[in-house]
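# Results of the structural survey
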Amino acid sequence: QVQLVESGGGLVQPGGSLRLSCAASGSIFNINAMAWYRQAPGKQRELVATITSGGSASYADSVKGRFTISRDNAKNTVFLQMNSLKPEDTAVYYCKADAFTWTGGRRPDYWGQGTQVTVSS
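The paragraphs below set out a description of the structure included in this document. Treat the numbers as computed from the prediction; the structure is a model and nothing was measured. (Residues numbered from 1 in each chain as written. Predicted model: local features only at pLDDT ≥ 70, side-chain atom pairs only at ≥ 80, totals over all residues. Heavy atoms only, no water.)

Right, let's get into the pairing of strand β4 (residues 28-39). Note: β4 against strand β9 (residues 91-101), nine bridges, orientation antiparallel. Along β9, the bridge assignment pairs N30 with F100. Sheet topology note: the β4/strand β5 (residues 46-51) ladder contains five bridges and is antiparallel. When the sheet's bridge partners are listed, A35 is paired in β5 with T50. The turn linking β4 back onto β5 is made up of six residues, and G42 within it adopts a positive phi angle of 75°. (Pairing = 2+ DSSP bridges. Helix = DSSP H or I, 4+ residues; strand = E, 2+ residues; numbered from the N terminus.)

So, in structure tokens, the structure goes:
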């Protein structure tokens, strides 16, 4: 199995920055794409950004130019640098991994427990 642990959330003023991290551990053979999602109160979970194992990234229109996703394959970690934060970015942020394990084959949807990001003055 694969465990994902997010960190780096918190309270920040509008216009500020935060850097989220998500570390994967377990019986990992290989991780394909990794992604960040977010879910605001009363709303559906939405995709924020994805990154392939080769480093190709894509973003939701709402965060393009403000957020940057990156990964460290050697450490099985994905990051989300969030700049120019807005109150509407307030949500619980989750990471997801598409991973192969030594024991269970491939599973495309390992999820972390989430980290709260609150943007408020």
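Taken as a whole and judged by the stated rule, the model has six salt bridges. As a salt-bridge pair, E46 and R38 come within 2.6 Å of each other at their nearest N and O atoms. For D89, the salt bridge identified is with R66, shortest N-O distance 2.7 Å. Within this pair, whereas D89 is found in the loop between β8 (77-82) and β9, its partner R66 is found in the loop between β6 (57-59) and β7 (67-72), the two being separated by 23 residues in sequence. With respect to burial, D89 and R66 carry one shared label: buried. A single network of salt bridges, built from pairs that share partners, joins R38, E46, R66 and D89. (Salt bridge = Lys/Arg side-chain N within 4 Å of Asp/Glu carboxyl O. Buried < 20%, exposed > 50% of the residue type's maximum accessible area, 1.4 Å probe, protein only.)

Of all hydrophobic cores here, the largest spans 30 residues; its most connected members are W36, L80, M82 and Y93. Secondary-structure elements contributing two or more residues to this core are β1 (2-7), β3 (18-26), β4, β5, β7, β8, β9 and β11 (115-119). Examining the composition of this core, we find that five residues originate from one element, β9, more than from any other. Those residues within four positions of L80 in sequence are excluded, and the remaining contacts are L18, R19, L20, W36, V48, A49, F67, T68, I69 and Y93. (Core = buried A, V, L, I, M, F, W, Y, C linked by side-chain atoms within 4.5 Å. Contact = heavy atoms within 4.5 Å.)

Our focus in this paragraph is the packing of aromatic side chains. In this description, an aromatic ring pair is defined by two values, namely the gap between the centres and the angle between the planes. Considering all chains together, one arrives at two aromatic pairs under this definition. Residues F29 and W102 carry aromatic rings whose centres are separated by 4.6 Å and whose planes lie at 80° to one another, so their mutual orientation is edge-to-face. Highlighted residues: F29 in strand β4 and W102 in the loop between β9 and β10 (105-111), separated in sequence by 73 residues. A relative accessible area of 52% places F29 in the exposed class. When the centroid spacing of 4.9 Å and the interplanar angle of 65° are considered together, the rings of Y37 and W111 count as edge-to-face. With Y37 in strand β4 and W111 in strand β10, this pair connects stretches of sequence that are 74 residues apart. Taking relative accessible area as the criterion, Y37 reaches 17% and is therefore assigned buried. For W111, a relative accessible area of 33% corresponds to the partly exposed category. (Phe/Tyr/Trp six-rings, centres within 6.5 Å; stacked < 30°, edge-to-face > 60°.)

The next subject is the state of the cysteines. Evaluation of the coordinates by the stated rule reveals one disulfide. Covalent S-S linkage joins C22 and C95, the inter-sulfur distance amounting to 1.8 Å. A residue pair is termed long-range when its members are at least 10 positions apart, and C22 in strand β3 and C95 in strand β9 qualify at 73 residues. For C22, a relative accessible area of 0% corresponds to the buried category. Overall, the relative accessible area of 0% leaves C95 in the buried class. (Disulfide = S-S within 2.5 Å.)

Read these as geometric descriptors, not functional statements.
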